[in-house]
Amino acid sequence: LEILPPPTSPVYDDAPKLKEGNINNKNVMTATNNAANRRSSTTTSLPPGTVIRDDISSPFCQRWSSVDAANRTLQPFDEWYTHHPNWIITNETEDMFCIEPYCEEGSTSFPCPNDRRSNLVNDFWRYYNNQFRSSCDKVHYRSMWSSGWSADFLNVQEGLIDATNNFHVPLVMAAPWHYAAVKKDNSHITCSQADLTCYFLPYHSCGSLDDICGFTPREFGMTIEECTGTKVERITTEKMLDQVEIWHERGYYAYQFMTRKQLWLRRAVFDFKHKFRMKHGPESDCSVLHVRRADIIFHEQHARKYHPIADYVKLIPKEKLNDPNHTIFLLTDDDNAVNEAHEFYPNLQWKYIDRPRHSGSSGGWENQTPSLNPALELIVLMATFELAQDCSSFVHGHSGLSDYIWTHMAANAGNKRVTRLRVDDRKEVFNEKYLHSEEELAKLLDEKRAIKGGIKPTKIETVETAVTSSTDLDDSCTHQSDSSGGGVIIVNLLGLLANNLFEVAFAKMLASQLGCSWHVVYRSSWNTAFPTPQTDRCFPNALAKNNNRSGDKTQLLKLIQQIGVNQDVHRIFDAVTFNDLELEDSEHNNIFSDQSDANDVKVEWIKTFGQKALVIDHEEYHNEREEVIEPSNVLSILNDKPQVRVLDLNAFFINYRWMDGRMDDISQWLHIDPSCCTTPPPGNDAIVIHIRDFLPDDEDKNKNLQVGVYRDIIQQYSQSDQPKVIVVCQPRSVESDIVKSLVQEFNAVVQTGSDNIDAFCVLSNAHFIIPTTSSTYSQLAALLAQQKNDNVQVHYPTHTLDRPGVTLNVPTWKYHLTTSGNDRIEEFEVSHERLDIFHA
């Protein structure tokens, strides 16, 4: 046998590095990836077709070529690999692929390290033992849905987990599968079985469907009830299990086990990727756009919207769009989307897979094989999952396939930061009105073409879902974005410092979009932090430029006169601009007896406008409608009601969804002047705990934590036996029981800061943060800390998953469920998608 040196660039395509629920690589575990060091100094190279000994324990490589992609039968390597689930493919080149054992006695990875690749191998062994070493007297038999990739494999994943954990019998999936035979007539069969085993390694030892069900593969069309074979007793279930989805660890491992590629498929995917990369030149940073259309408008009340390409492009980070080397990998089932991308964005560098596609909804319902070549469709999908891993951002709408694309990106990101951005408003993903979305998109694109051709449309274009980056919006207010005369945005500031920061950031996002013809008025209440001379100095970028504190007040007075006819215009002016620093006029006369008086005047004035005023009220939107307020919602309403001249914001806007994808701008707006941060930063190795020992109103969902909760988190995640712990709290809390317990347990240092802004600096400069449940103060600080450094860890303990107070739902955070007594961690790393968040 020829001896070859070890590969230099190991690729762990079967080694996930994510925990359940993670959808951003800030939470993805970085692989040690020291395969080259673990591998022996020489690696055996086997010629194609070699029968591999069962007792082999050293890494080896096998030669291959494009010829292997044409041989769609099980090869000797496949038969060996089927029964060695703890061996992992480490590298693929034009001439060979390499494989090594993991966690096998005698190998360099034995005994097993406690890492996620070990979890993968352990689950593989459990599935293998159940599928190949259990009796076939009974099987767990499931119909194959043949709906779409994500639905099909959700069913497969659940079946494998159910069969292994609950029934202890092998899983057997029915046939045909529409990725192995065209759905409408079972034609163009990839292999005689027309099931998963056309592409992936055998996953059970119970024989063919003929053995199990009593019918041959050519007799497709029989239902699960008609599977009446006498050799086995079938077990079926309608029970839906938890944590079987692809974003959960056990769902992902089950998917990996069931999709271990046969040699021919592995080579076909390798060749497909190679040709694609050769065509598009050397790889540079890229963004993935998944534009799902086709049959999504056929779901009646669950119809989804055909979003224009512009909605996706505007979510790509601005620095990427400005990079001449940045490419956009367009994934779509609609041929029209490819043409739309080139027509409206000809200067962007597009790349996409050249393959047959439907045009819009022309393919009808669940037609996943426009090429009438199921094998090609599957090769394209498998290659897509791997090609997408080259990119660092992912923009998409609601789609199960998007979850699989994203999981492949996140699980193989390594040290690369990858981000995920949603193009749709998640509260209105499904709606019957989208049944006509295809026609509406065509109309919108025609209006855009008319604008490009110099024809002025009769109505302004619909506001896009994504909010443009502020860096593109000219904060100097030298431009006017509309010719309507503008209006007034009244920001009624509510709550304390962090609440106000959410509110001013939301208002600035709106003001940046609407332009300088809209004047922003900040109204404080008796207990708010904004606006004051201190916040003006410490948060110099927070307020919109054209505002009642630093803007032209004469212009504001004229604007109020223009948009509202009122005899007592100065009283209205004072009521609108009221804050607790301006209770007296220039003659030191009391303008209003108290703030509520001024607020009543403002409210009555707004009512006189009728349809010319838009009130965004916290009580109405959250307590009655249970809807989330986002800038795109407000802008869409304003677009539909161009007569609006007064926008009255009376809400907290504590919701990560409108912030996601815009944190670059928000962190710039909320940047703190260094002169306001007098306490030294905590340092990279410090664990910073925020303590707020006074409770919000809903004590059932905001119980004080005990020291055991912090002990569990620190023991689980700290890299040091003696971690440096810093407790940030208010001066009044220094002598509280929990702070004293933390000092005693960890020898913690207590920092109150010189004031609430200085303490906020400490939190926002931390690298390991444990916020207080329901504290917007520590949660916003944690968001800003992660924006400064990708490696910041945020560990959020919560007493309940059912609306746990005011809680941000951030995919990159680790949420930990505490016991009923709030004294220990009951479950680490609860998926953020399991949180039922009530947005404030």
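It should be emphasised that the depicted structure is a prediction, and the values quoted were computed from it without experimental measurement.

Chemist: Describe the pattern of salt bridges, naming the residues involved and giving the relevant values.
Modeler: Counted by the stated rule, this structure contains 28 salt bridges. Between arginine 142 and glutamate 158 there is a salt bridge, with its nearest N and O atoms 3.1 Å apart. Taken together, the positions of arginine 142 in strand β6 (residues 138-142) and glutamate 158 in helix α4 (residues 149-167) put the pair 16 residues apart, joining distant regions of the chain. The pair formed by arginine 142 and glutamate 158 is uniform in burial state, with each residue classed as buried. For aspartate 162, the salt bridge is made with arginine 142, and the minimal N-O distance between the two is 3.8 Å. Placement of the pair is aspartate 162 in helix α4 and arginine 142 in strand β6, with a sequence separation of 20 residues. Residue aspartate 162 shares its accessibility class with arginine 142, and that shared class is buried.

Chemist: So what about the state of the cysteines? Which residues, and what values?
Modeler: Here the structure, examined in full by the defined rule, presents six disulfides. Across the disulfide, cysteine 61 is cross-linked to cysteine 98 (sulfur-sulfur distance 1.9 Å). One disulfide, between cysteine 61 and cysteine 98, carries an S-S torsion of 95 degrees and so falls in the right-handed class. Of this pair, cysteine 61 sits in strand β3 (residues 60-63) while cysteine 98 sits in strand β5 (residues 96-101), and the two are 37 residues apart along the sequence. Just as cysteine 61 is buried, cysteine 98 falls in that class too. The side chain of cysteine 286 participates in a disulfide bridge whose partner is cysteine 391; the two sulfur atoms lie 1.9 Å from each other. Taking the torsion about the S-S bond as the criterion, the cysteine 286 to cysteine 391 disulfide, at about -100 degrees, is left-handed. Placement of the pair is cysteine 286 in strand β9 (residues 286-291) and cysteine 391 in the loop between α11 (374-387) and β12 (393-396), with a sequence separation of 105 residues. Cysteine 391 matches cysteine 286 in its accessibility class, with the two residues each being buried.

Chemist: Describe the sheet that holds strand β17 (residues 646-650), listing the residues and the values that go with them.
Modeler: The parallel open sheet is built from four strands, whose spatial order is β15-β14-β17-β16. Lying at the two open borders of the sheet, with one neighbouring strand each, are β15 (518-523) and β16 (613-617). Averaged over all adjacent pairs, the angle separating strand axes in this sheet is 15 degrees, with direction ignored. As paired elements, strand β14 (residues 487-492) and β17 share four bridges and run parallel to each other.

Chemist: Go over the packing of aromatic side chains with me, naming the residues and quoting the values.
Modeler: Ring pairs (aromatic) are described by centroid distance and by the angle formed between their planes. The tally for this structure, following the rule as stated, stands at 35 aromatic pairs. Ring centres of phenylalanine 60 and tryptophan 87 lie 5.6 Å apart, and the angle between their planes is 45 degrees; this geometry places the pair in the tilted category. Of this pair, phenylalanine 60 sits in strand β3 while tryptophan 87 sits in strand β4 (residues 87-92); the two residues are 27 residues apart in sequence, bridging distant segments of the chain. Phenylalanine 60 sits in the buried class, given a relative accessible area of 1%. Seen in terms of ring centroids, tyrosine 199 and tryptophan 264 are 5.9 Å apart; in terms of plane orientation they differ by 40 degrees. Their pairing is tilted. Here tyrosine 199 is found in the loop between β7 (171-173) and α5 (209-213), whereas its partner tryptophan 264 is found in helix α7 (residues 263-280), with 65 residues between them in sequence. For tryptophan 264, a relative accessible area of 0% corresponds to the buried category. Site record: aromatic cluster; members linked through ring pairs are Trp149, Phe153, Trp177, Tyr179, Tyr199, Phe200, Tyr255, Trp264, Phe385 and Tyr404. Sitting over the face of the ring of tyrosine 81, arginine 260 holds its NZ or CZ atom 5.3 Å from the ring centroid.

Chemist: I'd love a proper account of the packing of α4 against helix α6 (residues 249-258), names of residues and values included.
Modeler: When two helices pack together, their arrangement is captured by the angle between the axes and the distance separating the axes. In the contact formed by α4 and α6, the axes pass within 9 Å of each other and the chain directions differ by 100 degrees. Between α4 and α6, the crossing angle belongs to the class labelled roughly perpendicular. Contact with α4, carried on its side by Trp149, Phe153, Val156, Gln157, Leu160, Ile161 and Asn165, involves Arg250, Gly251, Ala254, Tyr255, Phe257 and Met258 of α6 and no other residues of that element.

Chemist: Lay out helix α25 (residues 756-764) in plain terms, naming residues and giving numbers.
Modeler: In terms of residue burial, α25 counts as a mostly covered element, since eight of its nine residues are buried. What α25 keeps buried is the set Ile757, Asp758, Ala759, Phe760, Cys761, Val762, Leu763 and Ser764. If you check the start of α25, you find a side-chain oxygen 3.0 Å away from the backbone N of isoleucine 757, and it comes from aspartate 755.

Calculation criteria
Residues numbered from 1 in each chain as written. Predicted model: local features only at pLDDT ≥ 70, side-chain atom pairs only at ≥ 80, totals over all residues. Heavy atoms only, no water. Salt bridge = Lys/Arg side-chain N within 4 Å of Asp/Glu carboxyl O. Helix = DSSP H or I, 4+ residues; strand = E, 2+ residues; numbered from the N terminus. Buried < 20%, exposed > 50% of the residue type's maximum accessible area, 1.4 Å probe, protein only. Disulfide = S-S within 2.5 Å. Pairing = 2+ DSSP bridges. Axes fitted to C-alpha atoms, helices over the stretch in contact; angles between N-to-C directions. Phe/Tyr/Trp six-rings, centres within 6.5 Å; stacked < 30°, edge-to-face > 60°. Lys NZ or Arg CZ within 6 Å of the ring centre and 35° of its normal. Parallel < 35°, antiparallel > 145°, perpendicular 65-115°, else oblique. Contact = heavy atoms within 4.5 Å. Polar contact = N/O pair within 3.5 Å; in protein donor to acceptor, adjacent residues only side chain to side chain.

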